[in-house]
Amino acid sequence: RLAPDDEESTPLSLTVHAGEIVGIAGISGNGQREVMARLAGESPSDPGAILLDGAPIGALGPRARRALGLRYVPEERLRHGAVPEMSLAENTLLTGDALQARGFIRPSAMQTFAARVIARFKVKAPGAEARAGSLSGGNLQKFIVGREMEAVPRVLLVNQPTWGVDVGAAAAIRNALIALRAQGCAIIVVSEELDELFELADRLFVIAQRRLSPPVRVHDIGIDEIGRWMSGLWPAHE
């Protein structure tokens with residue numbers, strides 16, 4: 001249960017279960033980025049505001065949450081999800097806490113990890129030493145998503161998973177998310193693409209004007225209705 005920075009806004013409350021994809025639809029700028037930052041630990045929260053398997057993690061930072069199995073794919077690929085001037089192997093260090101030991105990085109482990117992500121997610125790159133900024137948007141997105149999935153997360157947060165990528169890369173990312181759900185991961189996907197959310201999600205929320213709609217199963221609602229909800233016009237719900 002997240003209390004927004006604006007005291008006049010209604011606190012947001014949602015639950016995601018293991019083996020489930022929960023989608024959050026909405027027009028950009030309605031609070032999606034803030035919600036994901038809170039969940040990922042990039043913005044402070046009250047200790048009990050976020051629970052993982054019943055344990056409060058609201059006071060923990062991103063690294064501590066990663067240690068508990070929570071991973072995050074941010075909206076912005078460059079300079080948030082990856083450093084363009086660094087190699088793919090070096091970019092694994094951004095969230096690869098196991099690739100460091102006693103304050104020292106492990107170059108061979110970085111190379112092996114990056115090569116595994118490249119191979120598994122069919123990233124078109126010359127190799128692990130390729131600069132992140134030299135990849136196309138779709139291939140860099142596949143690498144970032146793959147980097148977090150390769151850590152075998154218990155919870156995965158994904159903000160705009162296929163924004164700006166080609167059809168082939170988008171299909172590969174969506175298929176990977178569906179496969180991860182089948183392995184028991186709890187996944188939250190924020191997307192402005194309604195078709196994408198209807199393909200991926202088991203349940204949907206809509207965020208509008210920093211308020212969260214009641215949840216609805218994708219089989220119980222149509223895209224046109226969700227479009228109306230995106231203006232904040234959803235039915236009253238206790």
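Right, let's walk through the structure included here. Please read all numbers here as calculations on a predicted model, not as lab measurements.

Quick notes on the side chain of Gln160
The topology assignment puts Gln160 in the loop between strand S7 (155-159) and helix H6 (167-182). Apart from residues lying up to four places away in sequence, Gln160 is in contact with Glu75, Gln141, Val190, Ser191 and Glu192.

Re helix H4 (residues 107-120)
Across its 14 residues, H4 extends 20 Å between first and last C-alpha, which sits within 8% of the 20 Å expected from 1.5 Å per residue. Along H4, the positions that sit buried rather than exposed are Ala109, Met110, Phe113, Ala114, Val117 and Ile118. With its buried residues spanning 165° around the axis, H4 presents them on a single face. Facing away from the buried side of H4 by over 90 degrees, the exposed positions are Ser108 and Ala119. One or two steps after H4, the chain reaches Lys122, where phi turns positive at roughly 50°.

What about the environment of Val35?
The topology assignment puts Val35 in helix H1 (residues 32-40). When the C-alpha atoms of Val35 and Arg210 are compared, they prove to be 9.2 Å apart, with 175 residues separating the residues in sequence.

Observations regarding the pattern of salt bridges
Evaluated as defined, the whole model comprises 15 salt bridges. A salt bridge links Glu148 to Arg147; the nearest nitrogen and oxygen atoms lie 2.7 Å apart. The buried category is assigned to Glu148, whose relative accessible area is 0%. The buried category is assigned to Arg147, whose relative accessible area is 2%. A single network of salt bridges, built from pairs that share partners, joins Arg33, Glu75 and Glu76.

Thresholds applied
- Residues numbered from 1 in each chain as written.
- Predicted model: local features only at pLDDT ≥ 70, side-chain atom pairs only at ≥ 80, totals over all residues.
- Heavy atoms only, no water.
- Helix = DSSP H or I, 4+ residues; strand = E, 2+ residues; numbered from the N terminus.
- Contact = heavy atoms within 4.5 Å.
- Expected span 1.5 Å × (residues − 1).
- Buried < 20%, exposed > 50% of the residue type's maximum accessible area, 1.4 Å probe, protein only.
- Arc of directions from axis to C-beta.
- Salt bridge = Lys/Arg side-chain N within 4 Å of Asp/Glu carboxyl O.

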